[in-house]
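Structural overview
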Amino acid sequence: MSVSLAKGQGISLEKSGGGTLTAVRMGLGWKAAPRRGFFAFRAREIDLDASAVLFDGERPVDVVFFRHLTSDDGSVQHSGDNLSGGAGQGADDESISVDLRRVPAHVDQIVFTVNSFTGQTFAEVENAFCRLVDETTGQETARYTLTGGGQYTAQIMAKVHRVGGGWQMTAIGEPANGRTFQDLMPAILPHL
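The text that follows walks through the structure, step by step, so that each part is easy to find. (Residues numbered from 1 in each chain as written. Predicted model: local features only at pLDDT ≥ 70, side-chain atom pairs only at ≥ 80, totals over all residues. Heavy atoms only, no water.)

1. Thoughts on the nonpolar core
Soluble globular proteins: nonpolar side chains tend toward being buried together. Residues Leu48, Val76, Val98, Ile110 and Phe112 are the most contacted members of the largest nonpolar core, which totals 33 residues. Of all hydrophobic cores here, the second largest spans 14 residues; its members include Phe65, Phe181, Met185 and Ile188. (Core = buried A, V, L, I, M, F, W, Y, C linked by side-chain atoms within 4.5 Å. Buried < 20%, exposed > 50% of the residue type's maximum accessible area, 1.4 Å probe, protein only.)

2. Notes on the packing of aromatic side chains
Following the criterion strictly, the structure yields three aromatic pairs and no others. Aromatic side chains Phe65 and Phe66 sit 5.5 Å apart centroid to centroid with 75° between the ring planes, which places their arrangement in the edge-to-face category. In this pair, the class of Phe65 matches that of Phe66, namely buried. An angle of 65° between the planes, with centres 4.8 Å apart, marks the rings of Phe65 and Phe181 as edge-to-face. Here Phe181 lies in helix H1 (residues 181–188) and Phe65 lies in the loop between strand S5 (59–64) and strand S6 (76–78), a separation of 116 residues in the sequence. Linked through ring pairs, Phe65, Phe66, Phe117 and Phe181 together constitute an aromatic cluster. One cation-aromatic arrangement involves Arg179 over Phe117; the distance from NZ or CZ to the ring centre is 4.3 Å. (Phe/Tyr/Trp six-rings, centres within 6.5 Å; stacked < 30°, edge-to-face > 60°. Helix = DSSP H or I, 4+ residues; strand = E, 2+ residues; numbered from the N terminus. Lys NZ or Arg CZ within 6 Å of the ring centre and 35° of its normal.)

Right, here's the structure in full:
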């Protein structure tokens, strides 16, 4: 059963039958906005990028994004760069898979971000979402919808962080501006 997340809401990543999730996938999907005007024959391509920044406390120790597809330890992997989005049918256009068992002990948080590399605002993006999937079953466990659009080019979507002996996901949903995850670092730090 999927949970729709609101900004700041947290969910435990424990399975309903006991135990905890061991592998999760953060999926990102979107549809480019239709062109306006007389010569608007096809949708305008928008390049959104998913990134995952791995933290030890407040110190970033690794990042997975379109130019660095696998974390140095191999626990986090990016599916590759999608330059134009999908048809908006709900499929992931980019995804980042995390093997929670392999995440090094010093990494206590993984923050997922989305940014418009081509610089369009979220007002120009349709059907954008971020979701968490149990990789062992393929079942969607949580979904965060980009709503409100606005004049922002990025969003700090969610974080997966250690709580006791397990993991928890918190939806952040903080709009920001920037073309890459590096531009978002000052906006990420208050959420750690």
